[in-house]
Amino acid sequence: MDRPERVRHFTKVSDLSVEEIRKILKRAFKLKERPHADRSLTGRTVALIFSKPSTRTRVSFSVCVYQLGGMALYLSEQELQMRSSESLEDTARVLSRFVDAIVIRTFAQSDVDELAAHATVPVINALTDERHPCQALSDIFTFEERFPDSKGRTITYMGDGNNVAVSLAAAGALSGIDVCLGIPEEYDLAPALWEEIQGLAAAHGTRVWVERDPERAVETASAVYTDVWTSMGQERDQGKLQALQPYQVNRGLMSVAPWEAIVMHCLPAHRGEEITDEIMDGPQSVVFDQAENRVHVQKALLTFLLGGD
Ligand code: CP
């Protein structure tokens, strides 16, 4: 595999064009059928920098790189000089001399953007407080696996306007899938992010809208998606939990959704909070397919970014 002439990063969903997303998802479907068919990362190394805990993202990226023939190098931020005694800029320059790609999970989106600005190898956002693009790309794959006629269908996201909601809405907008956000007023997306999402939706002829009424939010949904109400490192906020309670994905809510609707969750779940056991473990749930699909989609993403096609 030759290095592409122009380094490509994946710091946010819209770093990819509609055509590139199609290409990556098509490749992911092939890789899911034949997981060991592609060894194009043989002899290559991918750094995985994590400043926050992770099960799915860390393990799936490690497995991705291994199955593609390369080596994943896990680095917790605490063990690096990064930020404590070396700038992000210098870290990016040094790591670019050693490794072929950098996957990073951290707090501020601006840190990922800065790393990408100075790295000469692809930088992949593995979650920031603002975005979770790898999750969103994989979620579109899971949705299309169940609904190959995905165009014009709706994914309804129930919860607060967090990083998962932002990236899901962006990925839906670029994939011809409408996204309804079932969000109580005080937990809306940040205004700048909302504007960005509306711009993407308008440019691609899709719809992203907010519906405050939980039942109306799910009544035309092909997928009902939820995420934890207390993100990593946040204090449990009783006021927030109370405000979100009507948005819980439970049997009553799912009885209003179309019969064919699937249930999605990026995991980890706080069972009994944003989703009940019977729905999470029920026949409509695709949450563990969603987790598995991280591997197939990220393999396709890595080969795209590293191979340039
Ligand atoms: N969904 C997700 O990103 O899971 P982890 O936090 O375990 O990586």
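Scroll up for the structure.
Cut-offs and rules
Residues numbered from 1 in each chain as written. Predicted model: local features only at pLDDT ≥ 70, side-chain atom pairs only at ≥ 80, totals over all residues. Heavy atoms only, no water. Core = buried A, V, L, I, M, F, W, Y, C linked by side-chain atoms within 4.5 Å. Buried < 20%, exposed > 50% of the residue type's maximum accessible area, 1.4 Å probe, protein only. Contact = heavy atoms within 4.5 Å. Helix = DSSP H or I, 4+ residues; strand = E, 2+ residues; numbered from the N terminus. Polar contact = N/O pair within 3.5 Å; in protein donor to acceptor, adjacent residues only side chain to side chain. Pairing = 2+ DSSP bridges. Axes fitted to C-alpha atoms, helices over the stretch in contact; angles between N-to-C directions.

A.B. asks: Which residues make up the nonpolar core, and what values go with them?
C.D. replies: Counting residues in hydrophobic clusters, the biggest one holds 64 residues, and the most contacted among them are Ile124, Leu137 and Leu301. With sequence-adjacent residues up to four places away left out, isoleucine 124 is seen in contact with Phe10, Phe61, Ile102, Val103, Ile104, Cys134, Leu301, Leu302 and Leu305. Counting residues in each nonpolar core, the second largest holds 19 residues, with Met158, Met254, Ala257 and Val287 among its members.

A.B. asks: Which residues make up helix α6 (residues 163-173), and what values do they have?
C.D. replies: Extensive coverage of α6 is indicated by the burial of 11 of its 11 residues. Those residues of α6 that sit buried are Asn163, Val164, Ala165, Val166, Ser167, Leu168, Ala169, Ala170, Ala171, Gly172 and Ala173. On its buried side, α6 packs onto α5 (133-146), β5 (154-158), β6 (178-182), α7 (191-204), β7 (208-210) and β8 (223-226). The backbone nitrogen of valine 164 has a side-chain oxygen 3.0 Å away, supplied by the residue at the start of α6, namely asparagine 162.

A.B. asks: Lay out unusual backbone geometry in plain terms, naming residues and giving numbers.
C.D. replies: That bond from leucine 267 to proline 268 is cis: its omega, 0 degrees, falls within 30 degrees of zero. By secondary structure assignment, the location of leucine 267 is in the loop between β9 (262-265) and α11 (277-280). On the basis of relative accessibility, which here comes to 9%, the residue leucine 267 falls in the buried class.

A.B. asks: Please provide a residue-by-residue account of the sheet that holds strand β2 (residues 71-76), values included.
C.D. replies: The pairing of strands in a sheet comes from backbone hydrogen bonds and takes either a parallel or an antiparallel form. Read from one edge of the open sheet, four strands run β2-β1-β3-β4, paired in parallel fashion. Two strands close off the open sheet at either side, each with one partner strand: β2 and β4 (123-125). On average, each strand axis in the sheet is inclined to that of its neighbour by 20 degrees, with strand direction left out of account. Across six bridges, the pairing between strand β1 (residues 45-50) and β2 is parallel. Note that in β2 the partner of valine 46 across the bridge is alanine 72.

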